[in-house]
Amino acid sequence: MTIFYRPIQPRDFRCLSLAVMSWYRHFGIKVGEHDSHILCSAAIQLFNDGRTDVEDLTAGLLEMFPVPDLLKINAPTSQSIH
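This structure is a prediction, so every number in the text was calculated from the model and none was measured. (Residues numbered from 1 in each chain as written. Predicted model: local features only at pLDDT ≥ 70, side-chain atom pairs only at ≥ 80, totals over all residues. Heavy atoms only, no water.)

> Any chance you could explain the nonpolar core here in plain terms?
Generally speaking, nonpolar side chains in soluble globular proteins are found buried as a group. The biggest cluster of nonpolar side chains holds 18 residues, and the ones touching the most others in it are Trp 23, Leu 39, Leu 57, Leu 61 and Phe 65. Taken together, the elements giving at least two residues each to this core come down to helix H1 (10-27), helix H2 (33-48) and helix H3 (54-64). The leading source of residues in this core is H2, at 7 residues. Apart from residues no more than four positions distant in its own chain, Phe 65 is found in contact with Trp 23, Phe 27, Ile 38, Leu 39, Ala 42, Leu 70 and Leu 71. (Core = buried A, V, L, I, M, F, W, Y, C linked by side-chain atoms within 4.5 Å. Buried < 20%, exposed > 50% of the residue type's maximum accessible area, 1.4 Å probe, protein only. Helix = DSSP H or I, 4+ residues; strand = E, 2+ residues; numbered from the N terminus. Contact = heavy atoms within 4.5 Å.)

Next up, the structure:
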């Protein structure tokens, strides 16, 4: 679970959401639950680091995940221990 380390306003949630959607549009791929979870957590980390506008958040997501396949590295496998 990712938490916010700074006060957050409703407009901040909109910025986070728009940044994640911009990442999907950049690659022209379909929104997925697993990928969205990772991207939203990453966007919150970026927000906590001081990136608070859509363009800066999107740029940060593209730096962290320059190709969609990097999201699959965190995918659970049948070998996972819970």
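Structure's up, so let's keep going.
> Sorry, what's going on with H3 here?
An α-helical turn contains 3.6 residues, so any two residues separated by three or four positions project in the same direction. Among all positions in H3, only Val 54, Leu 57, Thr 58, Gly 60 and Leu 61 are buried. Down the axis of H3, the sector holding all buried residues measures 160 degrees, keeping them to one side. Along H3, the residues that are exposed and aim more than 90 degrees away from the buried face are Glu 55 and Glu 63. Its buried side turned inward, H3 meets H1 and H2. Capping the start of H3 is the job of one residue whose side-chain oxygen sits 3.3 Å from the backbone nitrogen of Glu 55: Asp 53. (Arc of directions from axis to C-beta. Polar contact = N/O pair within 3.5 Å; in protein donor to acceptor, adjacent residues only side chain to side chain.)

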